[in-house]
Amino acid sequence: MPTHLDEVMSQMSRQLELPLGDRGAAPRLVRSEETESAVSGVRTPGLSGLMERVVDVSNIRTALKRVKRNKGSAGVDGMTVGDLTEHLRWAWPRLREQLLDGSYKPQPVREVRLKKPGGGERMLGIPTVVDRFIQQAILQVLQPLYDPTFSEHSYGFRPRRGAHGAVKQACAFANEGRHVVVDVDLSKFFDRVHHDVLMGKLAKDIGDKRLLRLIRRYLSVGVMRLGEAKERHQGTPQGGPLSPLLANILLDEVDQELSRRGHAFVRYADDLNVFVRSQRAGERVMALLRKLFGQLHLVINEEKSAVAKVFTRTFLGFAFWRRRGRVEVRVSDKAKKAMKDKVRQLTRRQTGRSLQDVAKGLRSFLLGWKNYFRLAETPSVFRSLDEWIRHRLRAIRWKQTGRGNWWRHSGTKDFSFKFPIRFFDELGVPQLVS
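Quick caveat: nothing in here was measured; it's all calculated off a predicted structure.

**Section: the overall build of the chain**
Thinking step 1. A tally of regular secondary structure across the chain gives 17 helices and 11 strands.
Thinking step 2. The buried share of the chain, reckoned over its 434 residues, is 49%.
Thinking step 3. Taking contacts inside the chain between residues at least 6 apart in sequence as the whole, the part at least 24 apart equals 73%.
Thinking step 4. When the accessible area of the chain is evaluated, it comes to approximately 21,800 Å², of which 50% is carbon and sulfur surface.

In structure tokens:
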């Protein structure tokens, strides 16, 4: 064993070295790949020694790779993901010591406010890169302990699960004749997470007081606003790797009670749909959910929640419709409007922008949109959107070369003949209908 601090630092520096060529595909925070762990196990009440797993060399190497792949912006200290490896080469020995002796204190998160498509704002709390690295290391230890115990009806932020699985299951329930849905939207869920309730649940399973203390600190760490850190007494800010798992741990109690009662339901994060056969049954389930969420100090948004026919509601951007006696999925009207708004933004007819530049920016968005909504069984809708997108691109071309009413002329048969579908294929604009 090394006896001098410089020897320890040298040893840990070598352990932290990563191949610079390891660039891999970058999974987003909302995807399940990031929750796969370097360690495995089963949930055991009172399990201790977890912090040693967190700082295990193989675990921190995986955490470092994931944080680098996820990229993301800097926190309050200004450190970037690109700076992290070099920082850890000299800072890790001390950081590891603080994690093991329970003295580590996270830095405040940086507040970022995003506008919601339907109005209002969503607050993100961006941790420092070092804190994202530590949270990722914790996640990789806790996820495999908790995930096997979660309900099969929970799809959000879990390995090998996602939105498509949730939508397929919802459609399957509707095809069983459950045409009434209890559609629940929680009011400001991430802002309302009750720290004591959540910590009480964690304490039943985690016997490592150092880890419990650190998670409590991550929950209560201040949000930097106008140069001052505002302490939090409830809520867990979206933006850190650990928040989605904590949300699932908190909401699992509701999942288990619904399963115990034999209900057909699907939950993705704080979006919950329960499928029943009658309005009366739906009203009973809604009353039950008000009680269950109330016990967790959570509030149902009554304006956005409802007991209604499944064909009148949306789920994760999809809507349901009946065709040939079966329930199938389509892109919701709201999702189509948001898509068209984004395309309008990307295809603004500004001078100085070539059609090639516009197509390049459009390609990335359309590929992601097409991949997400590929479950929708509505080729005619995709065909119509393709035609509309090409019309907008032809309008850009007409404005660059022609005169008069550019939108009307760009839609004529002659202009369409000059710029056929093949022309846009060669530009790299993907077809949604293919």
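Following the structure, the description resumes.
**Some words on the sheet that holds strand β9 (residues 314–315)**
Thinking step 1. Read from one edge to the other, the open sheet built from 3 strands follows the order β9-β10-β11, with strand pairing classed as antiparallel. The open sheet terminates on both sides in strands that have one partner only, identified here as β9 and β11 (326–331).
Thinking step 2. Pairing geometry for strand β10 (residues 318–323) and β11, over 6 bridges, is antiparallel. The residue of β11 that forms the bridge with Phe 320 is Val 329.

**Here we look at the sheet that holds strand β3 (residues 180–185)**
Thinking step 1. Taken in spatial order, the 4 strands of this open sheet run β6-β7-β3-β8, and their pairing is antiparallel. Every other strand in the sheet has two partners, leaving β6 (264–268) and β8 (306–309) as the edge strands with one partner each. The mean inter-strand angle of the sheet, taken between neighbouring strand axes irrespective of direction, is 20 degrees.
Thinking step 2. Along the sheet face, helix α6 (residues 163–175) touches β6 and β7 (271–276) and points at about 160 degrees away from the line of β6.
Thinking step 3. Taken strand by strand, helix α10 (residues 243–260) contacts β6 and β7, and its axis lies near 175 degrees from that of β6.

**Some thoughts on the environment of Val 310**
Thinking step 1. Within the secondary structure, Val 310 sits in the loop between β8 and β9.
Thinking step 2. Taking relative accessible area as the criterion, Val 310 reaches 1% and is therefore assigned buried.
Thinking step 3. The spacing of Val 310 and Val 180 is 130 residues in sequence and 5.3 Å in space, taken between C-alpha atoms.
Thinking step 4. Sequence-distant contacts of Val 310, defined by excluding residues within four places in its chain, comprise His 179, Val 180, Val 181, Phe 275 and Phe 320.

**Here we look at the nonpolar core**
One recurring pattern in soluble globular proteins is that nonpolar side chains are buried together.
Thinking step 1. Within the largest apolar cluster, 71 residues are counted, with the highest numbers of intra-cluster contacts made by Phe 133, Ile 134, Leu 142, Leu 202, Leu 289 and Phe 293.
Thinking step 2. When residues in this core are grouped by element, the largest group, 11 residues, is from helix α5 (residues 129–146).
Thinking step 3. Dropping the residues within four chain positions of it, Phe 133 is found in contact with Ile 60, Ala 63, Leu 64, Val 67, Leu 84, Leu 88, Trp 92 and Leu 95.

**Section: the pairing of β6**
Thinking step 1. In terms of burial, β6 is largely enclosed, as 5 of its 5 residues are buried.
Thinking step 2. Going residue by residue along β6, you find Ala 264, Val 266 and Tyr 268 tucked away on one face and Phe 265 and Arg 267 tucked away on the opposite face as well.
Thinking step 3. Pairing of β6 with β7, which is carried by 5 bridges, proceeds in the antiparallel orientation. Following the sheet pairing, Phe 265 is matched in β7 by Val 274.
Thinking step 4. Between β6 and β7, which pair antiparallel in sequence order, lie 2 residues; one of them, Ala 269, sits at a positive phi of approximately 55 degrees.

**Description of the pattern of salt bridges**
Thinking step 1. If you walk through the whole model with that rule in mind, you get 18 salt bridges.
Thinking step 2. Between Asp 255 and Arg 267 there is a salt bridge whose closest N-O contact spans 2.8 Å. Residue Asp 255 is located in helix α10, and its partner Arg 267 is located in strand β6; the two are separated by 12 residues in the primary sequence.
Thinking step 3. Among the charged side chains, a salt-bridge network with shared partners connects Glu 52, Asp 208 and Arg 210.

**Overview of the side chain of Glu 257**
Thinking step 1. Along the chain, Glu 257 falls in helix α10.
Thinking step 2. In this structure the side chain of Glu 257 is engaged in a polar contact, spanning 2.7 Å, whose partner is the side chain of Arg 260.
Thinking step 3. Only 2.7 Å separates the side chain of Glu 257 from the side chain of Arg 261, close enough to count as a polar contact.

**Remarks on α5**
Thinking step 1. For α5, built from 18 residues, the straight-helix expectation of 26 Å at 1.5 Å per residue is met to within 8% by its first-to-last C-alpha distance of 25 Å.
Thinking step 2. The sharpest bend along α5 comes to roughly 25 degrees, located at Gln 140, with the proline Pro 144 sitting one to four residues further on.
Thinking step 3. Within α5, 18 of the 18 residues are buried, which leaves it mostly tucked inside the rest of the structure.

**Considerations on the packing of aromatic side chains**
Thinking step 1. Throughout the structure, instances matching the rule amount to 11 aromatic pairs.
Thinking step 2. Residues Phe 189 and Phe 190 carry aromatic rings whose centres are separated by 5.0 Å and whose planes lie at 75 degrees to one another, so their mutual orientation is edge-to-face. Each member of the pair Phe 189 and Phe 190 is classed as buried.
Thinking step 3. With centroids separated by 4.7 Å and ring planes inclined at 40 degrees, the aromatic side chains of Trp 369 and Phe 373 adopt a geometry described as tilted. As far as the burial class goes, Trp 369 and Phe 373 line up, both buried.
Thinking step 4. Among the aromatic side chains, those forming a connected cluster through ring pairs are Phe 318, Trp 369, Tyr 372, Phe 373 and Phe 382.
Thinking step 5. Here the guanidinium or amino end of Arg 161 rests over the ring plane of Tyr 155, the centre of that ring lying 4.7 Å away.

**Considerations on the packing of α5 against helix α9 (residues 209–220)**
Thinking step 1. Contact geometry for α5 and α9: axes closest at 12 Å, N-to-C directions at 130 degrees. When the axes of α5 and α9 are compared, the pair comes out oblique. For the pair α5 and α9, the crossing hand works out as left-handed. Within the contact between the two elements, α5 uses Asp 131, Ile 134, Gln 135, Ile 138 and Leu 142 and α9 uses Leu 211, Leu 214, Ile 215 and Tyr 218.
Thinking step 2. Taken together, the residues that form the contact of α5 with α9 break down as 7 nonpolar, 1 polar and 1 charged.

Conventions used here
In this convention, every chain numbers its residues from 1, walking through the sequence in written order. Selection of residues for local features in this predicted model requires a pLDDT of at least 70, selection of side-chain atom pairs for listing and counting requires 80 or more, and totals for whole chains, interfaces and linings are taken over all residues. Side-chain measures here rest on the full set of heavy atoms in the structure, leaving out hydrogens and waters. The way it works is that DSSP assigns letters per residue, a run of H or I at least four long becomes a helix, a run of E at least two long becomes a strand, and they are numbered from the N terminus. Think of it in three bands: residues with accessible area under 20% of the maximum for their type are buried, residues over 50% are exposed, and the middle band is partly exposed, with areas taken using a 1.4 Å probe on protein chains only. Whether two residues are in contact is decided by their heavy atoms: any pair within 4.5 Å suffices. Only the protein chains shown count as cover for residues, and all accessible areas are computed by the Shrake-Rupley method using a 1.4 Å probe. Any two strands are treated as partners once DSSP identifies two or more bridges connecting them. Every axis in this analysis is a line fitted to C-alpha atoms, fitted for helices over the stretch in contact. Angles between the N-to-C directions lie between 0 and 180 degrees. Nine residue types can take part in a nonpolar core, namely buried Ala, Val, Leu, Ile, Met, Phe, Trp, Tyr and Cys, and a core is a set of them joined through side-chain atoms within 4.5 Å. Any carboxyl oxygen of Asp or Glu within 4 Å of a side-chain nitrogen of Lys or Arg constitutes a salt bridge here. Nitrogen and oxygen atoms within 3.5 Å of one another constitute a polar contact, given that in protein one can donate a hydrogen and the other can accept it, and given that sequence-neighbouring residues count only through two side-chain atoms. Every helix has an expected span of 1.5 Å times one less than the residues it contains. To get the bend at any residue, fit one axis to the seven residues that end at it and another to the seven that begin at it, then take the angle between the two axes. Only centres within 6.5 Å qualify two rings of Phe, Tyr or Trp (six-membered ring in Trp) as a pair; their planes then separate them into stacked at under 30 degrees, edge-to-face at over 60, and tilted for everything else. A ring is considered to have a charge above it if a Lys NZ or an Arg CZ atom is located within 6 Å of its centre and within 35 degrees of its normal. Put simply, angles under 35 degrees are roughly parallel, angles over 145 are roughly antiparallel, angles from 65 to 115 are roughly perpendicular, and the rest are oblique. Two helices crossing with the near one rotated counterclockwise from the far one by less than a right angle form a left-handed crossing, whereas a clockwise rotation gives a right-handed crossing. Residues were grouped as follows: Ala, Val, Leu, Ile, Met, Phe, Trp, Tyr, Cys and Pro as nonpolar; Asp, Glu, Lys and Arg as charged; and all remaining residues, including Gly, as polar.

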